[in-house]
Amino acid sequence: MSNIPNPTRSRGLTATLVLALGTFAVGTDAFIVAGFLPAMADSLEVTTAAAGQSVTTFAVAYAVLAPVLATATARIPRRALLVAALVLLGIANIGSALAPNLAVLIVSRVLAAAGAAAYTPSAGAVSAALVPVEFRGRALAVVVGGLTVATALGVPLGDLAGEWFGWRAALGLVAALCLLVGVGVYLIMPALAGSARIPLRDRLALLRRRSVMAVLPLTVLGMGASYTVYAYSVPALNAVGVPENSTMLMLFLYGLGAVLGNLLSGYATDNWGPIRVLTCGYLSMTLALALLAWFAWTGTTPQVAVAILVFAWGASTWTQTPPQQTRLIDAAPQEAAIVVSLNASAIYLGIGAGTLLGGALLAFGPAPIFTAAAAVAALATLYLRITAP
């Protein structure tokens, strides 16, 4: 992204707010399914675990497509690429809303993943290039903040729309949001040139660099820990005493924690370094999930404590992204766009793996899901301590 003009760079963090609007639309699409997964399963006449594989499919497709699309679209002007990605995402959500069966839903989720995979890494790389290096963590936090605001507002509102109008109407609203934001990005974002095309084999060659490969598995573990539970949050929260009509409130608390955790993480990363921030985040996630597991196993349901733990769970989940991206850019500063793309793949690979693990354990009840999630979070903490410089 070195060819971004200096006048654009001077816009700093303010310009990244436009990019965050797009990541809000992407995040709403990626996470909204968790709010109405049981209703979707009933409508499609499949099990909740089977319907959850639409989340896994989206995540795995994203992980695979992100580096491929980054290569294929490298020379496309950034504004055109971002708008096209949002349009594709909108069309794919229309397909999801109209899906008559699980197979069609899966295909539409793959197309949605393609749109998301084209948008998010490019938005992150542009944001990092728009600001001086000392503000990079905060710029990345603003763009990632679109995803976290989606968990705070988009997902609970989608859950509410699903309750009032049905899950198909909720996905239709997501499609409209993606198309509307695409128009906004076109009108507001400056015209930015693409970058030199880097062959896919050269992008993937970074996976052989020890400093990069020490970081990426941690992203997979951290996101996997959280999304072992999140995709199945409705039955999981029911197990700790949260009635179905209160699930929206809990999802909002999770999302509010995600927003605050992400924003504070960007500031803390710039001032105290990524390792300290990550250590605090993974320890907090382990503790929150372990206590929720305890409540699920014992049948104790202190509602105030559950609300606090759900908030902490959301905050710790999204605390990790700005410091992880910062570590990767520091490890390969000349390939910032590539490592951000690889980290995005790792995020969604973790989401896919976590959803797959949660679905496999769902038949045994929610308590094992919380337990497995806490164990993976503890493993992430251990991995960080072993690999951190």
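All residue numbers refer to position in the chain's written sequence, counted from 1. Local features are withheld for residues below a pLDDT of 70 in this predicted model, meaning they are given only at 70 or higher, and side-chain atom pairs are given and counted only at 80 or more; totals for whole chains, interfaces and linings count all residues. To obtain the side-chain values, all non-hydrogen atoms of the structure were used and water was disregarded.

UniProt positions are given in the numbering used here, feature names are shortened, and annotations may be inferred rather than shown by experiment. Taken from UniProt, the Subcellular location (unreviewed entry) comment for the protein chain reads in full: "Cell membrane".

1. Some thoughts on the domain arrangement of the protein chain
Often, the extent of an interface is quoted as the loss of accessible area on bringing the components together. Boundaries between domains were set according to an automatic or database domain assignment. For the protein chain, the assigned domains read domain 1 (1–197) and domain 2 (200–388). The centre of domain 1, based on its C-alpha atoms, is set 19 Å off from the matching centre of domain 2. Any two residues whose heavy atoms approach within 4.5 Å are treated as being in contact. If you look at the interface, domain 1 gives 49 residues, while domain 2 gives 44 residues. Joining two parts hides part of their accessible area as seen by a 1.4 Å probe, and the buried area is that hidden amount summed over both. At the boundary of domain 1 with domain 2, total buried surface from both sides reaches about 3,700 Å², with 71% on carbon and sulfur atoms. Here, a salt bridge means any side-chain nitrogen of Lys or Arg that lies within 4 Å of a carboxyl oxygen of Asp or Glu. Across the domain 1-domain 2 interface, the total number found is zero salt bridges.

2. A word on the environment of Arg-78
To qualify as a helix, a DSSP run of H or I must reach at least 4 residues; to qualify as a strand, a run of E must reach at least 2; elements of each kind are numbered from the N terminus. Summarising the element assignment, Arg-78 is placed in helix H5 (residues 78–98). Expressed as a C-alpha distance, the spacing of Arg-78 and Thr-16, which sit 62 residues apart in the sequence, is 13 Å.

3. What to know about the side chain of Thr-247
Among the structural elements, Thr-247 can be located in helix H13 (residues 247–272). Those residues within four positions of Thr-247 in sequence are excluded, and the remaining contacts are Asp-159, Val-234, Leu-237, Asn-238 and Val-242.

4. Quick notes on helix H16 (residues 321–331)
Residue burial is assigned from relative accessible area. The probe radius is 1.4 Å, only protein chains are included, and a residue is buried under 20% of its type maximum, exposed over 50%, and partly exposed in between. The buried count for H16 comes to nine of eleven residues, which makes it a mostly enclosed element. The complete set of buried residues in H16 reads Thr-321, Pro-322, Pro-323, Gln-324, Gln-325, Thr-326, Arg-327, Leu-328 and Ile-329.

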